[in-house]
Amino acid sequence: MKRAVTPGTFDPITYGHLDVITRAAQLMDEVVVAVAASPGKNPLFSLEERTELAREATAHLPNVRVEPFDGLLVDFAKAQGAHALVKGLRAVTDFEYEFQMAALNYELSRDLETVFIMSPPQYMYLSSSIVRELASLGSPVDRFVPEHVAVALARKFVD
Ligand code: PNS
């Protein structure tokens, strides 16, 4: 059984994330989307909200499940019985940070392989932070996130 973990803060999940998750699900038997608590990033959505938004966004993918986690990613991946971490790579600007994380995770666990999936051109510029900023300024975000995420964003900035 080839089981992979796709980790992230998912604040909130975007079509860019969904592209990586969908392609990972085609390569692997099972994909666990790991929603990190990431308290240092001061997320807009709570861990429960981010997990629920990601669950709804991936409900159509039968071999994907979504789990929240706190603590070290390698420990979570080990507890899940995963052999690979799958991450999306957008532009060269992502590389330095992702390279550092992949090297550190390799140091922490030699059994876990980090695999990168390149973002297609239409998602190269897309990030959760850009989506949050657009939504906070009242700009429509339905091209970048599923409808239920756009609704959740609109609620955050109206309340
Ligand atoms: O979507 P993000 O915020 O770029 O994802 C980063 C994430 C959550 C994958 C990373 O911060 C992480 O793995 N956090 C868990 C804590 C951990 O294991 N840190 C050391 C890994 S370098």
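The model shown is predicted, which means the values in this text are computed figures rather than measured ones.

The rules behind these values
- Residues numbered from 1 in each chain as written.
- Predicted model: local features only at pLDDT ≥ 70, side-chain atom pairs only at ≥ 80, totals over all residues.
- Heavy atoms only, no water.
- Helix = DSSP H or I, 4+ residues; strand = E, 2+ residues; numbered from the N terminus.
- Rg over C-alpha atoms; globule rule 2.2 N^0.38 Å.
- Buried < 20%, exposed > 50% of the residue type's maximum accessible area, 1.4 Å probe, protein only.
- Areas by Shrake-Rupley, 256 points an atom, 1.4 Å probe, with all protein chains shown as cover.
- Lys, Arg positive; Asp, Glu negative; His and termini not counted.
- Charge placed at Lys NZ, Arg CZ, Asp CG, Glu CD.
- Pairing = 2+ DSSP bridges.
- Right-handed = clockwise from strand over helix to strand, strands pointing away.
- Near = heavy atom within 4 Å.
- Polar contact = N/O pair within 3.5 Å; in protein donor to acceptor, adjacent residues only side chain to side chain.
- 1 Å grid on protein atoms, 1.4 Å probe; cavity = no way out; pocket = protein on both sides within 12 Å on 5 of 7 lines; lining within 4 Å.
- Sits in = over half its atoms within 2 Å of the grid points.
- Nonpolar A, V, L, I, M, F, W, Y, C, P; charged D, E, K, R; others polar.
- Axes fitted to C-alpha atoms, helices over the stretch in contact; angles between N-to-C directions.
- Contact = heavy atoms within 4.5 Å.

Participant: Help me understand the overall build of the protein chain, please; the structure alone is not making it clear to me.
Facilitator: When its secondary structure is counted, the protein chain shows six helices and five strands. When the elements of the protein chain are put in sequence order from the N terminus, they spell out β-α-β-α-β-α-β-α-β-α-α. Scaling as 2.2 N^0.38, a compact globule of 159 residues should have a C-alpha radius of gyration of about 15 Å, and the protein chain matches this with 15 Å. Once the C-alpha set of the protein chain is aligned to its principal axes, its extents read approximately 45 × 30 × 30 Å. Within the protein chain, the proportion of its 159 residues that are buried is 48%. Total accessible area on the protein chain stands at roughly 8,700 Å², and carbon and sulfur atoms take up 56% of it. Averaging the positions of the 15 positive and the 21 negative side-chain charges in the protein chain gives two centres separated by 2 Å.

Participant: Please clarify how the pairing of strand 3 (residues 64–69) should be interpreted in this entry.
Facilitator: Moving residue by residue along a regular strand, the side chains alternate between the two faces of the sheet. The pairing of strand 2 (residues 30–36) with strand 3 spans six bridges and is classified as parallel. If you follow V33 over to strand 3, its bridge partner there is V66. Chirality of the crossover, the property in question, places the unit of strand 2, helix 2 (residues 47–57) and strand 3 among those that are right-handed.

Participant: Sorry if this is basic, but what is going on with the site of the ligand here?
Facilitator: By nearness alone, 14 residues border the ligand, and T9, K41, G71, L72 and L73 come closest of all. T9 is positioned such that a nitrogen or oxygen atom in its side chain is 2.6 Å from an oxygen atom of the ligand. With respect to the ligand, the backbone of L73 contributes an N or O atom lying 2.8 Å from an oxygen atom. If the ligand stood free it would expose 530 Å²; the protein chains cover 77% of that surface. Judged by its atoms lying within 2 Å of the grid points, the ligand is housed in the largest pocket. If you list the elements that add at least two residues to the shell around the ligand, you get strand 1 (3–8) and helix 4 (92–108). It is helix 4 that contributes the most residues to the shell around the ligand, four residues altogether. Grouping the constituent residues of the shell around the ligand by class yields eight nonpolar, four polar and two charged.

Participant: Sorry, what's going on with the sheet that holds strand 4 (residues 84–89) here?
Facilitator: Working definition: the strands of a sheet are paired by backbone hydrogen bonds and lie parallel or antiparallel to each other. Read from one edge to the other, the open sheet built from five strands follows the order 3-2-1-4-5, with strand pairing classed as parallel. Strands at the two margins of the open sheet, each flanked by one partner only, are strand 3 and strand 5 (113–118). Geometrically, the sheet is characterised by an average inter-axis angle of 30 degrees between neighbouring strands, direction not taken into account. With six bridges joining them, strand 4 and strand 5 adopt parallel strand pairing. Bridge pairing in strand 5 places V86 opposite V115. Where helix 2 meets the sheet, its contacts fall on strand 2 and strand 3, and the angle it forms with strand 3 comes to roughly 175 degrees. Relative to strand 4, helix 4 is tilted by about 170 degrees, and along the sheet it contacts strand 4 and strand 5.

Participant: Just to check I follow, could you spell out the environment of M124 for this structure?
Facilitator: Along the chain, M124 falls in the loop between strand 5 and helix 5 (128–136). Measuring from C-alpha to C-alpha, the distance between M124 and L61 comes to 23 Å, with 63 residues separating the pair along the chain. In this structure M124 touches R90, A91 and S119, once residues within four positions along its chain are discounted.

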